[in-house]
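Chain and residue survey
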Amino acid sequence: MPASGTKRDDAADIMKGILVLQMVLCHCIQFFGRDTKPVQKQICDYINLTTFSGFMFTFGLSCWYAYFSRSFRQAAPRMIRTALKCLAAFWISSICYIGLVELDYYDPRVFRQIILLEKYAGWSEFLASFAGVMLVGLLLFGLFQRQNGWLTLLCLAAGGLLTLIPYGRIGDSRAALMIGSTGWITFPVLQYLFYFAAGVWFCRRKIIWDFRIFLVCVMLSLPEIVCYIRSGCLTDRFPPDGWFLFGAVLFLYLYYQLAHALAGRWPCSRICAFLRGLGMNTVFCLLLSNLVIFSFSAGKFKQRTFEFALLFYLVLMAALWFVLHLVHTGGKNSSGR
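Calculation notes
- In this convention, every chain numbers its residues from 1, walking through the sequence in written order.
- It should be noted that, the model being predicted, local features are given only for residues of pLDDT at least 70 and side-chain atom pairs only at 80 or more, the latter also being counted only at that level, while totals for whole chains, interfaces and linings use all residues.
- Heavy atoms throughout the structure, all of them, feed into the side-chain values; hydrogens and water do not.
- Comment: elements are numbered from the N terminus, with helices defined as DSSP H or I runs of at least four residues and strands as E runs of at least two.
- Here's how the labels work: a residue is buried when its accessible area is under 20% of the maximum for its type, exposed when over 50%, partly exposed in between, all with a 1.4 Å probe on protein chains only.
- Any two residues having at least one pair of non-hydrogen atoms within 4.5 Å are treated as being in contact.
- Methods summary: accessible areas were calculated by the Shrake-Rupley approach with a probe of 1.4 Å, and residue burial reflects only the protein chains presented.
- Lys and Arg are tallied as positive, Asp and Glu as negative. Neither His nor the chain termini are counted.
- To locate a charge, take NZ of a lysine, CZ of an arginine, CG of an aspartate or CD of a glutamate.
- Expected span of a helix: the number of residues minus one, times 1.5 Å.
- The definition of a nonpolar core used throughout is a set of buried Ala, Val, Leu, Ile, Met, Phe, Trp, Tyr and Cys residues joined through side-chain atoms within 4.5 Å.
- Axis definition: a line fit to C-alpha positions, over the contact stretch in the case of helices; interaxial angles, taken between N-to-C directions, run 0 to 180 degrees.
- Each angle is binned into one of four classes, with values under 35 degrees roughly parallel, values over 145 roughly antiparallel, values of 65 to 115 roughly perpendicular, and all other values oblique.
- Less than a right angle of anticlockwise turn of the near helix away from the far helix marks a crossing as left-handed, whereas a clockwise turn marks it as right-handed.
- Residues are sorted three ways: Asp, Glu, Lys and Arg are charged, Ala, Val, Leu, Ile, Met, Phe, Trp, Tyr, Cys and Pro are nonpolar, and all the rest, Gly among them, are polar.
- Nonpolar side chains (Val, Leu, Ile, Met, Phe, Trp, Tyr) are joined into patches within 5 Å and like charges within 9 Å, using only residues with over 30% relative accessible area and no salt bridge.
- In what follows, salt bridge is the name for a side-chain nitrogen of Lys or Arg lying within 4 Å of a carboxyl oxygen of Asp or Glu.

Here we come to the overall build of the chain. Assigned secondary structure in the chain consists of 15 helices and zero strands. Based on the C-alpha atoms only, the size of the chain along its principal axes is roughly 55 × 55 × 40 Å. Across the 337 residues of the chain, 50% fall into the buried class. In the chain, the proportion of contacts linking residues at least 24 apart, taken out of those at least 6 apart, comes to 79%. Taken as a whole, the chain presents about 16,300 Å² of accessible surface, with 66% of it coming from carbon and sulfur. On the chain, the mean spot of the 31 positive side-chain charges and the mean spot of the 16 negative ones are 10 Å from each other.

Following this line, the structure appears as structure tokens:
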């Protein structure tokens with residue numbers, strides 16, 4: 001989500017593109033497939049474990065160049081605009097979900113609840129958390145400017161400790177967005193803030209491969225991996241427990257290596273260009289894919305099969321690429337028809 005005209009990290013954009021591919025696939029399976037079937041369930045479980053945490057990490061990577069490497073006076077207006085864009089995307093996605101999927105009759109109270117963050121519609125709540133992390137980044141701007149390994153470990157410890165709070169006692173919807181609750185389905189910003197902080201640290205210190213970090217990632221992810229192998233289920237996701245929260249660390253570190261390898265070896269390839277396009281327009285792609293999925297799920301042109309879900313996914317991703325291409329070429333040639 002970096003501001004336009006700022007230096008970009010190609011690897012971060014490529015990694016975000018990979019995560020966009022994952023999230024849209026998961027949504028297609030959940031709406032048009034059968035995510036209770038073994039293979040489809042395993043795909044969705046893996047994506048659910050890694051995707052939101054991955055976005056938090058890559059946003060941290062991007063935000064170093066876009067915001068934290070600048071002065072507060074330069075960065076603050078841009079961070080506020082980014083937060084408002086994410087919040088607007090949440091409002092749009094939530095209202096469309098209520099109208100197209102839940103098929104509720106018009107009720108002004110629902111709109112008020114969504115605008116005031118009193119209601120988090122399905123498959124849209126992550127967008128509100130994107131806005132929330134921007135606001136936390138703004139409040140802790142000075143700390144993120146000085147982000148180092150010790151501060152990252154502090155965020156890790158704080159996130160783990162926050163998973164121990166009595167979630168059932170959190171009775172405010174805005175607090176649920178920040179620290180979680182059993183009353184609302186949210187991705188609590190403060191628990192997942194470790195990933196954002198790690199992204200800022202990696203970018204600031206130009207960390208790519210470090211065997212010590214790899215070992216830490218293995219140790220953090222191992223409990224969730226072992227639990228899943230034994231039970232076939234993830235641990236608690238809404239709200240997250242500690243094993244789930246850190247279960248994605250190893251996979252994201254490997255994604256980070258893959259993104260750097262792609263950016264370094266094949267920077268001009270079509271696949272890298274495609275992934276960068278998705279990554280540079282993350283919120284747009286996720287919002288547009290949500291609107292298309294919600295619209296089709298409300299119609300008669302749908303099936304509940306894995307084959308249909310995959311076909312829908314391929315067509316949707318092709319349509320996203322085409323729209324991004326139109327926007328890109330249109331910006332270069334404003335006189336074109």
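Structure shown, so let's carry the discussion forward.
Another aspect to go through is helix H1 (residues 10-32). Counted at 1.5 Å a residue, the expected span for H1 with its 23 residues is 33 Å, and the 33 Å between its end C-alpha atoms agrees. Where burial is concerned, most of H1 is hidden: 21 out of the 23 residues are buried.

Attention shifts here to the nonpolar core. Within the largest apolar cluster, 107 residues are counted, with the highest numbers of intra-cluster contacts made by Phe 68, Phe 130, Tyr 195, Phe 196 and Phe 202. When residues no more than four places from it in sequence are discounted, the contact partners of Phe 202 are Phe 57, Leu 61, Ile 207, Ile 213, Tyr 253 and Tyr 256.

Along the chain, Phe 238 connects to Pro 239 via a cis peptide bond; the corresponding omega equals -15°. Here Pro 239 shows up in the loop between helix H10 (211-231) and helix H11 (242-246). One non-glycine residue with positive phi stands out, namely Trp 123, at about 60°. By secondary structure assignment, the location of Trp 123 is in the loop between helix H4 (108-115) and helix H5 (125-139). Residues other than glycine seldom take positive phi values, yet Lys 206 does so here, at roughly 55°. The topology assignment puts Lys 206 in the loop between helix H9 (189-205) and H10. On the basis of relative accessibility, which here comes to 64%, the residue Lys 206 falls in the exposed class.

A few words on the packing of H1 against helix H14 (residues 282-297). In a packed pair of helices, the relevant descriptors are the angle between the two axes and the axis-to-axis distance. The N-to-C vectors of H1 and H14 enclose an angle of 10°; their axes lie 11 Å apart at closest approach. Viewed along their axes, H1 and H14 adopt a mutual orientation that is roughly parallel. Between H1 and H14 lies a crossing whose hand is right-handed. Contacts between H1 and H14 involve Lys 16, Val 20, Met 23, Val 24, His 27, Cys 28, Phe 31 and Phe 32 on the former and, on the latter, Thr 282, Cys 285, Leu 286, Ser 289, Asn 290, Ile 293, Phe 294, Phe 296 and Ser 297. Among the residues forming the contact of H1 with H14, the class breakdown is 11 nonpolar, five polar and one charged.

Together, Arg 34, Lys 37, Lys 302 and Arg 304 make up a positively charged patch on the protein surface. Residue class for Lys 302 comes out partly exposed when judged on its relative accessible area of 40%.

Let's shift gears to the environment of Met 23. Turning to its location among the elements, Met 23 is positioned in helix H1. Sequence separation between Met 23 and Asn 48 is 25 residues; the distance between their C-alpha atoms is 8.0 Å. When sequence neighbours within four positions are dropped, the list of residues in contact with Met 23 reads Ile 47, Thr 51, Phe 55, Phe 126 and Leu 286.

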